[in-house]
Amino acid sequence: VQAREHFGKESLAEADALGLLARALKGLDVVDETENSARLAIAMQRKLRGSDSLQEAESLSTLGDLLRFRANSSKSSDVAHKFAEAETDIRTALAIRRKRLGNDRTEVASVLQSLSLVLFDEHRSTEAEAAIREALTIQQKLFGDVHPETALDYRTLGIIIMWGFSGRLPEAEACFRKALDAQIR
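My aim in this report is to walk through the structure given alongside it, one point at a time. (Residues numbered from 1 in each chain as written. Predicted model: local features only at pLDDT ≥ 70, side-chain atom pairs only at ≥ 80, totals over all residues. Heavy atoms only, no water.)

### Describing the layout of surface pockets
Here comes step 1: In this structure, the largest pocket encloses a volume near 440 Å³.
Here comes step 2: Lining the largest pocket we find 26 residues, and of these Lys26, Ser61, Asp65, Ser110 and Ser114 sit closest to its centre.
Here comes step 3: Of all the secondary-structure elements, those providing two or more residues to the lining of the largest pocket are helix 2 (12-27), helix 3 (31-49), helix 4 (54-73), helix 6 (106-121) and helix 8 (148-164).
Here comes step 4: Looking at the lining of the largest pocket residue by residue, the class counts come to nine nonpolar, seven polar and 10 charged. (1 Å grid on protein atoms, 1.4 Å probe; cavity = no way out; pocket = protein on both sides within 12 Å on 5 of 7 lines; lining within 4 Å. Points joined across faces, edges and corners; volume = space filled by probe spheres on them. Helix = DSSP H or I, 4+ residues; strand = E, 2+ residues; numbered from the N terminus. Nonpolar A, V, L, I, M, F, W, Y, C, P; charged D, E, K, R; others polar.)

### Quick notes on unusual backbone geometry
Here comes step 1: The backbone of Asp52 shows a phi angle near 80 degrees, a positive value even though the residue is not glycine.
Here comes step 2: Residue classification places Asp52 among the partly exposed positions, given a relative accessible area of 22%.
Here comes step 3: Phi is positive for His123, close to 65 degrees, though the residue is something other than glycine.
Here comes step 4: Checked against the element boundaries, His123 lands in the loop between helix 6 and helix 7 (125-143). (Buried < 20%, exposed > 50% of the residue type's maximum accessible area, 1.4 Å probe, protein only.)

### Section: the packing of helix 7 against helix 8
Here comes step 1: Two numbers describe how helix 7 lies on helix 8: the axes approach to 9 Å, and their chain directions differ by 160 degrees. Comparing their axes, helix 8 and helix 7 come out roughly antiparallel. Seen along the crossing, helix 7 lies across helix 8 with a hand that is left-handed. Seen from helix 7, the contacting residues are Ser125, Ala128, Glu129, Ile132, Arg133, Ala135, Leu136, Gln139, Gln140 and Phe143; seen from helix 8, they are Glu149, Thr150, Asp153, Tyr154, Thr156, Leu157, Ile160, Ile161 and Gly164.
Here comes step 2: Tallied by class, residues from the contact of helix 7 with helix 8 come to nine nonpolar, six polar and four charged. (Axes fitted to C-alpha atoms, helices over the stretch in contact; angles between N-to-C directions. Parallel < 35°, antiparallel > 145°, perpendicular 65-115°, else oblique. Left-handed = near helix turned anticlockwise from the far one by under 90°. Contact = heavy atoms within 4.5 Å.)

### Concerning the nonpolar core
Here comes step 1: Counting 38 residues, the largest nonpolar core has Leu63, Leu94, Leu112, Leu115, Val118, Leu157 and Ile160 as its most contacted members.
Here comes step 2: Elements supplying a minimum of two residues to this core: helix 3, helix 4, helix 5 (79-101), helix 6, helix 7, helix 8 and helix 9 (169-184).
Here comes step 3: Per-element accounting of this core gives the leading share, eight residues, to helix 6. (Core = buried A, V, L, I, M, F, W, Y, C linked by side-chain atoms within 4.5 Å.)

### Topic: the pattern of salt bridges
Opposite charge on two side chains makes pairing possible when the charged atoms of those side chains draw close.
Here comes step 1: Tallied over the entire structure, the rule returns 26 salt bridges.
Here comes step 2: Between Arg39 and Glu85 there is a salt bridge, and its shortest N-O distance comes to 2.7 Å. You can see Arg39 sitting in helix 3 and its partner Glu85 sitting in helix 5, a full 46 residues away along the chain.
Here comes step 3: Under the relative-accessibility criterion, Arg39 is labelled partly exposed at 32%.
Here comes step 4: The residue Lys99 makes a salt bridge to Asp52 at a minimum N-O spacing of 2.9 Å. Placement of the pair is Lys99 in helix 5 and Asp52 in the loop between helix 3 and helix 4, with a sequence separation of 47 residues.
Here comes step 5: Classification of Lys99 by relative accessible area gives exposed; the value is 56%.
Here comes step 6: Linked by salt bridges that have partners in common, Asp32, Glu35, Arg39, Arg70 and Glu85 make up one network. (Salt bridge = Lys/Arg side-chain N within 4 Å of Asp/Glu carboxyl O.)

What follows is the structure in structure tokens.
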């Protein structure tokens, strides 16, 4: 808003600041303001940059993660709608990042991680497992098995396997052991 006062109209600086504000507010669990800031940032980024900017992807990812959180904590009848919107936003962010950055980037892996979580929450365990395995493969290429990002993906994979599939507990255990090993080395 102060940027608009300075420049006299919507600006890229304002759009980017709103995107960063949304990300910070999400970390502080300021849910309503996060959603409003992210939606405004996305609208401004699309208007000023066109669609498919990396800044738009970041704001879409933030909004998707927030909507997933809201759906998980909601008792209302619009839970399915919130999950669907979260999935759409995250898939759009993923497509933009792949288009702009290529596949083997940590920014792509982080969105795949978010996608795996929303798919798991929607009880789509097979798709969730595929997404987190792809994220894990990227992180392993970039960092190897001993890295916090790789550990996070092993942990997420273990959770998806443990809760999403019966009879695969030994595989989940192996994932948790790899996550632990990556954290303590």
